[in-house]
Amino acid sequence: MMNRRQFLSQTAIAGSALSLGLAAGWGPALAQSDTLSIALASRTSNGMNPQKPGIAGADNWVIYQLFNQLVKSPLGKWATRPEEFEPNLAQSWEMSDDARTFTYALREGVQFHKGYGELTADDVVFTFGRHLDASIPTLNKVLYANIETVEALDPRTVRFVLRQPDPTFNGTCASQITASILSRRAFEEKGEGYDTDPIGTGPYQFQSVDQNRGLLLTAFPEHFDGPPATPNLQVSFIADTTARTLAFASGQLDMIEGVRAPGWLQTMRQRSADTIFDATEPGSFNELHLNLTRKPLDDLRVRQAIRYAINNEQIAAAFGELATPMVGVIAPQFEGSVTKDELPPELRYDYDPQKARALLAEAGHPDGITIPCYTSQREDYATISLMIQEQLRAAGITLDMQIVDHSTFRSDNRLDRNSLQLYSSSFPPVPTQPLVQMLSAAAAVKSDGSGQDNFSHYGVAMEGIDALMAEAENEPDFDRRIAIIKEAEKKILADLPTLGIITLSYVIARNPRVDLGYEVEGGPAYWSLARARRLA
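Residues numbered from 1 in each chain as written. Predicted model: local features only at pLDDT ≥ 70, side-chain atom pairs only at ≥ 80, totals over all residues. Heavy atoms only, no water.

**What about the sheet that holds strand β12 (residues 276-279)?**
Here's step 1: Strand order across the open sheet formed by seven strands is β8-β9-β10-β1-β11-β19-β12, with mixed pairing between neighbours. Edge positions in the sheet fall to β8 (204-210) and β12, since each of these pairs with one other strand and no more. Between one strand axis and the next, the sheet turns through 20° on average, direction left out of account.
Here's step 2: Where helix α7 (residues 241-249) meets the sheet, its contacts fall on β1 (35-40), β11 (255-257) and β19 (507-510), and the angle it forms with β11 comes to roughly 160°. (Pairing = 2+ DSSP bridges. Helix = DSSP H or I, 4+ residues; strand = E, 2+ residues; numbered from the N terminus. Axes fitted to C-alpha atoms, helices over the stretch in contact; angles between N-to-C directions. Contact = heavy atoms within 4.5 Å.)

**Digging into the UniProt feature "domain: Solute-binding protein family" (unreviewed entry) in the protein**
Here's step 1: Residues annotated in UniProt with the feature "domain: Solute-binding protein family" (unreviewed entry) correspond here to residues 84-435.
Here's step 2: For the annotated span residues 84-435, helix accounts for 27% and strand for 24% of the residues, and the straight-line distance between the end C-alpha atoms is 23 Å. (UniProt positions renumbered as here; feature names shortened; annotations may be inferred.)

**Some thoughts on unusual backbone geometry**
Here's step 1: The omega angle of the peptide bond from Glu281 to Pro282 is 5°, so this bond is cis rather than trans.
Here's step 2: Note that Pro282 resides in the loop between β12 and β13 (284-290).
Here's step 3: Residue Pro296 is reached from Lys295 by a cis peptide bond, and omega for that bond is 0°.
Here's step 4: Notably, His457 is not glycine yet its phi reads approximately 70°, a positive angle.
Here's step 5: Position of His457 relative to the elements: it lies in the loop between α14 (432-439) and α15 (466-473).
Here's step 6: Residue classification places His457 among the buried residues on the basis of a relative accessible area of 8%. (Buried < 20%, exposed > 50% of the residue type's maximum accessible area, 1.4 Å probe, protein only.)

**Some points on the pairing of strand β6 (residues 147-154)**
Here's step 1: Bridge analysis of β6 against strand β7 (residues 157-162) gives six bridges, and the strand direction is antiparallel. Its bridge partner lying in β7, Ile147 is registered against Leu162.
Here's step 2: Counted along the chain from β6 to the antiparallel partner β7, the turn is two residues long.

**As for the packing of aromatic side chains**
Here's step 1: A full pass over the atoms with the stated rule returns 20 aromatic pairs.
Here's step 2: Plain terms: the ring middles of Phe187 and Tyr194 are 4.7 Å apart, the flat faces sit at 45° to each other, and that makes the pair tilted.
Here's step 3: Phe187 gets classed as buried once you look at its relative accessible area, which sits at 12%.
Here's step 4: Among the aromatic residues, ring-to-ring pairing joins Trp93, Phe102, Tyr104, Phe128, Tyr144, Phe160 and Phe169 into one connected group. (Phe/Tyr/Trp six-rings, centres within 6.5 Å; stacked < 30°, edge-to-face > 60°.)

Next up, the structure:
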């Protein structure tokens with residue numbers, strides 16, 4: 001078993017080798033019908049433990065092929081209502097009338113990879129128990145705070161008791177990728193090595209890492225839904241946009257993570273009209289987080305000036321069909337979001353750089369302000385951040401911005417080192433989730449790395465929306481819950497700890513020689529490749 005340093009080195013070299021054209025034999029190997037290849041926009045893999053803080057979007061692609069959750073959304077879509085969720089590791093489930101107790105019946109005979117035995121209720125209890133244990137840092141731990149207890153009633157039955165009713169529990173918890181079911185036996189045996197040698201129940205199992213080719217996943221013949229259509233799946237990490245695009249255009253790769261930058265889609269269509277683009281709707285929420293513990297961002301007038309100085313309709317237009325401007329912090333395509341027509345004039349923030357300058361002067365900054373910050377080199381982050389930088393400059397707000405690699409960006413954010421940051425994340429149509437995950441006091445980022453995704457410190461540096469969220473989470477009626485969430489949206493717009501900028505579809509470019517097996521219409525920024533196969 002390799003250690004983490006060796007693993008990172010291997011996956012990083014894979015991307016560099018391909019971008020420099022040094023991967024001898026790559027093309028012929030990938031031309032084999034028994035192997036599908038995908039390259040993701042990342043410098044390296046950050047690991048394959050689904051609960052590990054710091055894993056990135058590219059890692060989710062691998063994790064989703066290796067693991068299963070209790071329930072799932074339909075292929076290529078979001079489950080928008082409770083009845084739309086489908087069985088996965090659980091073959092059935094029941095919700096109590098008060099929406100506080102969920103009981104899942106597990107499939108019989110589900111096997112873990114590499115001989116680690118049959119899935120039992122104890123593995124489910126172990127998986128969720130790690131999220132409930134305050135001493136264990138786990139990714140998105142705040143999502144699981146509503147679980148009071150989880151217990152195994154027998155080897156195939158698990159019961160969750162919630163602190164507050166949640167009719168959307170399958171969306172908020174049971175289908176989350178961070179709720180991928182772990183093997184207790186393998187985890188306790190491997191310790192930290194589980195991150196680089198994971199054991200799941202998914203259609204693919206981890207086989208090896210190679211300095212030229214990245215991660216090799218192989219079909220798991222005992223998967224409960226049958227083995228995947230293609231025996232091998234090769235995953236590489238190529239952060240460089242040009243190298244990734246050229247490798248795809250030359251036919252070396254079957255799929256690549258698309259470049260979410262203005263003009264890329266049109267250029268690709270001109271070059272190869274047959275290319276298929278699988279895109280999610282609405283895609284990622286791109287939010288600008290303002291650190292309320294740093295001056296001058298602790299001044300509401302400064303935050304208002306920033307809001308008035310950003311023209312997010314102009315930013316969305318630059319991305320064409322892939323983007324939609326946001327009003328609040330919930331995607332306008334989802335329930336709970338607010339429209340400008342629902343807001344009083346002072347919360348609409350129509351683009352007005354002159355008003356922004358006036359607010360800065362009122363706050364004691366007649367000559368403008370400078371804010372040090374950093375952003376990711378990933379094309380969507382960098383493009384949007386540079387547009388914001390230019391728009392703010394026109395209002396006297398200078399972003400002294402560094403562009404760093406994506407892994408560094410993610411890890412430094414975890415240590416609360418940024419003052420102003422664009423953050424891109426995909427959320428399901430569960431209206432409480434982005435608010436709880438990004439703006440609740442319990443999710444506040446911490447300098448020791450033990451915090452979560454509330455990078456603004458909202459609810460800690462100032463009163464936030466925690467009381468409203470508690471009210472919403474205690475409301476079993478969906479429509480009344482939505483009304484409370486809209487009030488939370490209005491309070492966020494009044495306080496401006498975080499600014500919604502645009503939603504941006506996640507895109508995978510696919511060679512037409514590959515049949516995915518279904519259509520991608522929505523869902524998170526990763527999807528199953530179990531049905532994907534070469535047509536010739």
